[in-house]
Amino acid sequence: MFSKSKINEPAPKAPEAAKPAAPATPAAPAPADAKPAMAPKPKPPASVLSSDLHITGNIKTSGDIQVEGTVEGDIRAHLLTIGESATIKGEVTADDVVINGRIVGRVRGLKVRLTSTARVEGDIIHKTIAIESGAHFEGSVQRQDDPLNPGRSAKAGSNPAAEVKQ
């Protein structure tokens, strides 16, 4: 079809010579278009739950969430940012957790960061953790290699321990 459209379009023959160069140029942008198709892999901006929003129920996403309001339920996300005005009552699970506000419940994350304004009442299960001066924390801290999958970590931890005891 391209050859027919090229034949139909070329009224001036000199521009035809330019046009074959032009299709070669669009052919190059087509792979460039394929690269932008790869570009959508970067994540969209974080979903923001505003300070006047109150949610009762669980939230689950593979993306990023920034919570400024109140959530009564569990949250699972890739990157979870708890704003200073936010209150979470439930379990929080994310690859990266940044806590500026209040959480009442368990926190599970590969990277957990409590800023100076954080208030956490509950256990933190993490791979790496950072707690800034001024953060309020009541609970226990436990390091696990895979804190996002509690069943696997517990079973893996139990079996080697049993083998070591024998």
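One can find the structure itself at the top, above this paragraph.
Residues numbered from 1 in each chain as written. Predicted model: local features only at pLDDT ≥ 70, side-chain atom pairs only at ≥ 80, totals over all residues. Heavy atoms only, no water.

1. What to know about the overall build of the chain
Secondary structure assignment for the chain yields four helices and 14 strands. Sequence separation of at least 24 residues holds for 6% of the intrachain contacts in the chain that already meet a minimum separation of 6. Within the structure as shown, the chain displays about 10400 Å² of accessible surface, and the carbon and sulfur contribution to it stands at 56%. (Helix = DSSP H or I, 4+ residues; strand = E, 2+ residues; numbered from the N terminus. Contact = heavy atoms within 4.5 Å. Areas by Shrake-Rupley, 256 points an atom, 1.4 Å probe, with all protein chains shown as cover.)

2. Looking at the nonpolar core
With 22 residues, the main nonpolar core has V67 and I99 as its most contacted residues. Secondary-structure elements contributing two or more residues to this core are β4 (64–67), β6 (75–82), β8 (92–99) and β10 (107–114). (Core = buried A, V, L, I, M, F, W, Y, C linked by side-chain atoms within 4.5 Å. Buried < 20%, exposed > 50% of the residue type's maximum accessible area, 1.4 Å probe, protein only.)

3. Regarding the side chain of D64
Structurally, D64 can be placed in strand β4. Here L79 takes part through its backbone nitrogen, which lies 3.4 Å from a polar atom of the side chain of D64. (Polar contact = N/O pair within 3.5 Å; in protein donor to acceptor, adjacent residues only side chain to side chain.)

4. Let's talk about the pattern of salt bridges
For the structure on display, the rule yields four salt bridges. A salt bridge links R108 to E91, with the nearest nitrogen and oxygen atoms 3.0 Å apart. With R108 in strand β10 and E91 in the loop between β7 (87–89) and β8, this residue pair connects regions lying 17 residues apart in the sequence. You can call E91 partly exposed: its relative accessible area is 26%. Here E121 makes a salt bridge to R102, at a shortest N to O gap of 3.2 Å. (Salt bridge = Lys/Arg side-chain N within 4 Å of Asp/Glu carboxyl O.)

5. Digging into the pairing of β8
Burial within β8 is extensive, with six of its eight residues counted as buried. Bridge count between β8 and β10: seven bridges; the pairing is parallel. For V97, the partnering residue across the bridge sits in β10 and is V112. (Pairing = 2+ DSSP bridges.)

6. Some words on the sheet that holds strand β13 (residues 136–138)
Spatially, β2-β5-β7-β9-β11-β13 is the arrangement adopted by the six strands of the open sheet, whose pairing is parallel. With partners counted over all chains shown, the strands left at the sheet margins are β2 (54–56) and β13, one partner each. The average angle at which neighbouring strand axes cross in this sheet is 5 degrees, direction not considered. In terms of strand pairing, strand β5 (residues 70–72) meets β7 through three bridges, oriented parallel. Each residue of the ladder has a partner; that of V71, found in β7, is I88. (Axes fitted to C-alpha atoms, helices over the stretch in contact; angles between N-to-C directions.)

7. A look at the pairing of β4
Alignment of strand β1 (residues 47–49) against β4, held across three bridges, turns out to be parallel. When the sheet's bridge partners are listed, V48 is paired in β4 with Q66.

8. Observations regarding the environment of L53
Here L53 shows up in the loop between β1 and β2. Judged by relative accessible area, L53 falls into the partly exposed class, the value being 33%. Other than its neighbours up to four places away in sequence, L53 contacts G69 and T70.

9. Some points on the side chain of T115
For T115, the position within the fold is in the loop between β10 and β11 (119–121). Beyond its immediate stretch of four places on either side in the chain, T115 contacts V98, I99, N100, E132 and A135.

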